[in-house]
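Residue-level structural notes
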Amino acid sequence: MCGIAGYIGKEPAAPIILDGLSKLEYRGYDSAGIAVFDGESIHMEKAMGRLRVLDEMTRHGALLPGFCGIGHTRWATHGCPSDTNAHPHMNAENTIAVVHNGIIENYGKLKRRLEQKGYRFASETDTEVLAHMLTEYYRGDPVEAIEKVMHRVEGSYALGIMFLDHPHHIYAARKDSPLIVGTDDTGKFIASDVPAILQYTRTVYYMENEEIVCLSNEHTRFFNIDGESIEKTPATIDWDIHAAEKGGYEHFMLKEIHEQPKAIRDTISPRIREDDIVLEELGLSDDAIRALQKITIVACGSAYHTGVTGKYVLEELARIPVEVDLASEFRYRNPLYAPGSLLIIVSQSGETADSLAALRDAKAHNCHVLSIVNVVGSSIARESDAVLYTWAGPEISVATTKAYSCQLTVFYLLAMKFARLRGTITPRRFQTLLDALRLLPDQIEGLLSQKEKIQFFANHYLATEHIFFMGRGIDYALCLEGSLKLKEISYIHSEAYAAGELKHGTISLMEEGTLVVAVATQDALYPKTVSNIVEVKTRGAFVMGLTTLPHRDMENHADYVLYVPQTENCFMGSLSIIPLQLFAYYVSLGRGLDVDKPRNLAKSVTVE
Ligand code: F6R
């Protein structure tokens, strides 16, 4: 949603903060700001637009001397993107500066009370109430003032705070929005995410909900919401530093598309041992797995789409009824938790507000929660009963690719493991599936080597206004993702349909030249999807068919055909998504758009 970076130490703070913010820009990029203690006062600069505007304005921080500061890159929620609404926000006396990620839900009420007391508001943000409340409660002890504010605000927040009275200190606090503290010999850092500090330190403390930290050159002190001192143990980050760089690719998205074979290998290899699937992290006994009555998968966006594939695969192989729900719907519909059921939350970031709320609701109803998460130590990972990590590494591009692919493979592992234990597939079939699973990364590498064919096709469709994706079964689940990928980065309107649904309404939109991407990789459903291709072609549609090599007759039906290699039907999504990711990428590139940072979006949606 928004990115926070702060530094106190022996080095000039502003360049370090700006560097940190540049690694967090995926979290928000409509405005940015920074506040640095310059020896006398808190010097603040803010600028609407991308971080580079602020960077140039401050000559990469050179115009902001000082060794202690906080910065922010914003994704607007309350108040439009503008210089004034950009963070930091300060009190009237310029003695307290605050950066905030999250939403203060009761800010309207708090603001009215503060206004009655004479406080004047400069911005339209919810964050500004924090600066004024801190002023109201400050009696010389910053931690006490922060505590009092935390007891009164509702909503989510990660905060970075500076007090002019305590110029060589940074304060930070969190509730339901991520925040880490890093330390090394030369300084201390706060950040919303690891890439911001990775080039300086690998020693981090994960802030828990309702914790406060005070950082100075001498100490790192943690407190709970009641101001009591607490001990925390640091963790060591073992990420490869280059993982968060573009490494020669024009965009993070293209790099991450190419990283998929490795990411999948890293996700499945440690879990395949001696021709068996070992999921030690599962937190469920074999008997509990055999007794499972129902699985509910809850997630948002692309993660939800992997859940739709997960449903097909789990039901097909393990014969367990599976329900898939959007977290934003699930959390408010008073869901039923049947005894013997398992809830699976899927999330790349592990911080998505709706998914986290669904998790908490399930736990409050004593439902066992397993999460499939990419970011180690994230809120969803920490609060679940068990976590299966996807080992995709840092994903920077807002449009997910490699995390999506890893989530799919975790569902394959789960389905196969459950199927074997429940005796719903034979040992021989298990072995065949295992062999196919191991082969997927090589097959994806092969597909990536043919990307020019997709670029060629994409270049012909740069001016298209509407695209329809259709498929059946797993192909439909795949279409949901192909369509989302395209629309989010190309801004072309696209829709995904279960191919059999088209004739119940949407077919009226088909006219001469309408582009339809028809995915037909499921052998049993192939003739059905071909019939749907014929239906739309009769209405003038131009059809790009995506199928497997045995189905060469697709050339008799579709106008343009892309082939993907054959694998087990239930794993086909992992192969057919590759051309669709590349298609979205090349259309966005051809339209001259910002592939990695599409408008109005943020990588991590930590607010409702
Ligand atoms: C689309 C995309 C989003 C996310 C969704 C959930 O490319 O990335 O749809 O999948 O916002 O995010 P996570 O997985 O972090 O919970």
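About the cut-offs
- Residues numbered from 1 in each chain as written.
- Predicted model: local features only at pLDDT ≥ 70, side-chain atom pairs only at ≥ 80, totals over all residues.
- Heavy atoms only, no water.
- Helix = DSSP H or I, 4+ residues; strand = E, 2+ residues; numbered from the N terminus.
- Buried < 20%, exposed > 50% of the residue type's maximum accessible area, 1.4 Å probe, protein only.
- Domains from an automatic or database assignment.
- Buried area = accessible area lost by both parts, 1.4 Å probe.
- Salt bridge = Lys/Arg side-chain N within 4 Å of Asp/Glu carboxyl O.
- Polar contact = N/O pair within 3.5 Å; in protein donor to acceptor, adjacent residues only side chain to side chain.
- Nonpolar A, V, L, I, M, F, W, Y, C, P; charged D, E, K, R; others polar.
- Contact = heavy atoms within 4.5 Å.

Okay, unusual backbone geometry next. Omega for the peptide link from histidine 87 to proline 88 comes to 5°, which places this bond in the cis form. Within the secondary structure layout, proline 88 lies in the loop between strand E4 (68–74) and strand E5 (89–90). Positive phi, close to 50°, is recorded for histidine 60, a residue that is not glycine. If you trace the backbone, histidine 60 turns up in the loop between helix H2 (51–57) and E4. Residue histidine 60 is classed as partly exposed on the basis of its relative accessible area, which comes to 32%. In this structure, aspartate 275 is a non-glycine residue whose phi angle is positive, near 55°. Structurally, aspartate 275 can be placed in the loop between strand E16 (272–273) and strand E17 (276–277).

Turning our eyes to something else, we now look at the domain arrangement of the protein. Assigned domains of the protein: these are domain 1 (3–238), domain 2 (245–444) and domain 3 (450–593). Here domain 2 meets domain 3 over a buried area of about 2,500 Å², counting both sides, of which 68% is carbon and sulfur. It is His305, Tyr312 and Gln443 that lose the most area in domain 2 upon contact with domain 3, and together they represent 20% of the buried surface on that side. Remark: the boundary between domain 2 and domain 3 carries one salt bridge. Between glutamate 568 and arginine 429 there is a salt bridge; the shortest N-O distance is 2.8 Å. There are 10 residue pairs in polar contact (both at pLDDT 80 or more) connecting domain 2 and domain 3. Secondary structure elements with two or more residues in the side of domain 2 that touches domain 3: helix H6 (252–258), helix H9 (301–318), helix H13 (402–422) and helix H14 (427–448). Here the residues of the side of domain 2 that touches domain 3 are counted per class, giving 17 nonpolar, 12 polar and two charged.

Glancing now at the environment of glutamate 211. Position of glutamate 211 relative to the elements: it lies in strand E12 (residues 211–216). Judged by its relative accessible area of 9%, glutamate 211 is buried. Considering only alpha carbons, one finds glutamate 211 and isoleucine 230, 19 residues apart in sequence, at a separation of 8.9 Å. Residues contacting glutamate 211, with those up to four places away along its chain left out, are Met150, Ala172, Ala173, Arg174, Tyr206, Phe223, Ile230 and Lys232.

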